[in-house]
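# Architecture and fold: a report
Residues per chain are reported as follows:
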Amino acid sequence: MFVVVVIQLCFYSDLLSRIQNLEPERMYVVLGGGVKAEEFVVQRYIAYYRRIKSEYETAWKVERDTYPEPTEHCEVCSWYPLCDKRRRDADHLSFVAGISRNQRKALGERSISTVAGLAELALPIQPKIDRIGEAGLFRIREQARIQVMGRKEGKSIYEMLEPMEADKGLATLPSPSAGDVFLDLESNPFVLDQGLEYLIGFLTLDANAEPRYESIWSLNRAEEKKAFEDFIAVVMDRWQRDAAMHIYHYAPYEPTAIKRLAGRHGTCVDEVDELLRAGIFVDLYRVVRQSLRASVESYSIKRLEVLYGFSRTTPLREANIALNAFEAALALGSRHGADSLLKTIEGYNSDDCESALRLRDWLEVRRTVQESKMGHALPRPAISSGKPG
Ligand code: SF4
């Protein structure tokens, strides 16, 4: 603490030296609660101050030359426009969907540092690129290629992966059914020791095939258990009435969280086992990745929406800020200001659920087109009761 005060005084003395062209002899401070000024001889400290100042300036220069590698925080960072522009100007490899940092580093060592450069890479390449296998290199080269094609055409494009395998991609889509559920959870892994699934949002279709969104909130452990039980009760009821229903989600988080909730609260364990055994959960991310390649910079559902023409009602940046603020309030155990964020988060969650529905429908159309191209029907997964044996 005392060191900081002396450094601050040195800083003022340094500024004074420049203004008056004469270095002050002494510097003074009256510490909190004191009446007597503490006195310091400038010459005794100023050399140390100059040294740390010079070290700071060197470190700052190194930082300034550091590339703004994208991180999760970029989504809410106020510097984002500046960093994004720098990366776009450089056609940075981080824009290639699915490329890893290590792959970018390995490509950089071979002077391949732009999306366009990777798109034009002739394969096979000799000598091989360290730390990237042939399949991985082919995958990211193809991804860069379609992204560059999309740029040239000025629109989002996609291509189906051939050959279409009988147990992957579009062939794993079950037949749409009236009881289908489109699920999305919001959670924070750090609150209440083990994290909290604070919102279960799901969308179903009513008798007129109109989407109907429902949300179940939990702000503490007891509410989380009740929300989970209520959701499983809704699902089991729908399943009983429609044996062909499925729960669609995007990426593997939802079934993992459902299993975790059953274990954490010791409830609905048999029901969850049955749902999993019956293959009720359908991961649309998996279907997308196994069946097509798109000119998107990431395969998050938000980036794919341009392909199936889905428009969100809640702007993503607004939603990300609300999610961060709400989760910070939860982590601090404070409800202060949290209520005003619920509406925005619910809008975002509802958009995610509806987007999953639109994506499923769009994939169904791709499936039909593919079948007519191939001249035969693709298989569907068998319907199972989920009962053991
Ligand atoms: S946007 Fe923010 S978090 Fe992302 S690289 Fe720039 S400064 Fe870092």
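Located above this text is the structure these notes cover.
Computed from a prediction, not measured in an experiment: that's the story for all the values here.

Across the two faces of strand β1 (residues 26–29) the burial differs, with M27 and V29 buried and R26 and Y28 not buried at all. In this sheet, strand β2 (residues 38–41) lies alongside β1 in antiparallel orientation, the contact comprising 4 bridges. Its bridge partner lying in β2, R26 is registered against V41.

Let us now look at helix α12 (residues 316–331). An ideal rise of 1.5 Å per residue puts 22 Å on 16 residues; α12 measures up with 22 Å between its terminal C-alpha atoms. Of all the residues in α12, the buried ones are A319, N320, A322, L323, F326, E327, A329 and L330. Taken together, the buried residues of α12 touch β4 (181–188), β5 (196–205), β6 (211–217) and α13 (339–374). Positive phi shows up at G333, right after α12, with a value of about 70 degrees.

Taken together, the side chains of F11, Y12 and L15 make up a nonpolar region of the molecular surface, amounting to roughly 270 Å² of accessible area. Here L15 shows up in helix α1 (residues 2–20). What makes L15 partly exposed here is its relative accessible area of 33%.

In this structure, L304, L359 and L363 are the most contacted members of the largest nonpolar core, which totals 30 residues. Counting only elements with at least two residues in this core, the list comes to α10 (284–291), β9 (292–294), α11 (301–308) and α13. Here the element with the most residues in this core is α13; it accounts for 6 residues. If we skip the residues at most four places from it in the chain, L363 touches L170, L173, L284, V287, V288 and L292. Judged by nonpolar contacts, the second largest core, of 24 residues, contains V181, I216, V235 and L261.

Their axes nearest at 10 Å, the elements α11 and α13 cross at an angle of 50 degrees. In terms of axis orientation, α11 runs oblique to α13. Of the two elements, α11 crosses α13, and the hand of that crossing is left-handed. Each of I301, K302, E305, L307 and Y308 in α11 lies in contact with α13, whose residues at this interface are Y348, D352, S355, A356, R358, L359 and W362. Partitioned by chemical class, the residues of the contact of α11 with α13 number 7 nonpolar, 1 polar and 4 charged.

Looking now at helix α9 (residues 269–277). The complete set of buried residues in α9 reads V272, E274 and L275. The buried side chains of α9 occupy one side of the element, clustering within an arc of 160 degrees when seen end-on. Elements in contact with the buried residues of α9: α7 (221–241), α8 (253–265) and β8 (281–283). Just past α9, the residue G279 takes up positive phi, approximately 70 degrees.

Our focus in this paragraph is the sheet that holds β5. Strand order in the open sheet formed by 5 strands is β6-β5-β4-β7-β8, with mixed pairing between adjacent strands. Of all strands in the sheet, those with a lone pairing partner are β6 and β8, marking the two edges. On average, each strand axis in the sheet is inclined to that of its neighbour by 25 degrees, with strand direction left out of account. By the bridge criterion, 7 bridges tie β4 to β5 in an arrangement that is antiparallel. Paired with L185 across the bridge in β5 is I200. Against the sheet, α8 makes contact with β4, β5, β7 (247–249) and β8, and its axis sits at roughly 70 degrees relative to β4, the strand it touches most.

Under the definition given, this model contains 10 aromatic pairs. Taking the centre distance of 5.7 Å and the plane angle of 80 degrees together, the rings of F40 and Y45 count as edge-to-face. Residue Y45 is classed as partly exposed on the basis of its relative accessible area of 27%. Consider the rings of Y158 and W362, whose centres lie 5.1 Å apart with planes at 75 degrees: the pair is edge-to-face. Placement of the pair is Y158 in strand β3 (residues 158–160) and W362 in helix α13, with a sequence separation of 204 residues. A relative accessible area of 31% places Y158 in the partly exposed class. Assessed through its relative accessible area of 12%, W362 is described here as buried.

Procedures and definitions
Residues numbered from 1 in each chain as written. Predicted model: local features only at pLDDT ≥ 70, side-chain atom pairs only at ≥ 80, totals over all residues. Heavy atoms only, no water. Buried < 20%, exposed > 50% of the residue type's maximum accessible area, 1.4 Å probe, protein only. Helix = DSSP H or I, 4+ residues; strand = E, 2+ residues; numbered from the N terminus. Pairing = 2+ DSSP bridges. Expected span 1.5 Å × (residues − 1). Contact = heavy atoms within 4.5 Å. Patch = residues over 30% accessible without salt bridge, like charges linked within 9 Å, V, L, I, M, F, W, Y side chains within 5 Å. Areas by Shrake-Rupley, 256 points an atom, 1.4 Å probe, with all protein chains shown as cover. Salt bridge = Lys/Arg side-chain N within 4 Å of Asp/Glu carboxyl O. Core = buried A, V, L, I, M, F, W, Y, C linked by side-chain atoms within 4.5 Å. Axes fitted to C-alpha atoms, helices over the stretch in contact; angles between N-to-C directions. Parallel < 35°, antiparallel > 145°, perpendicular 65-115°, else oblique. Left-handed = near helix turned anticlockwise from the far one by under 90°. Nonpolar A, V, L, I, M, F, W, Y, C, P; charged D, E, K, R; others polar. Arc of directions from axis to C-beta. Phe/Tyr/Trp six-rings, centres within 6.5 Å; stacked < 30°, edge-to-face > 60°.

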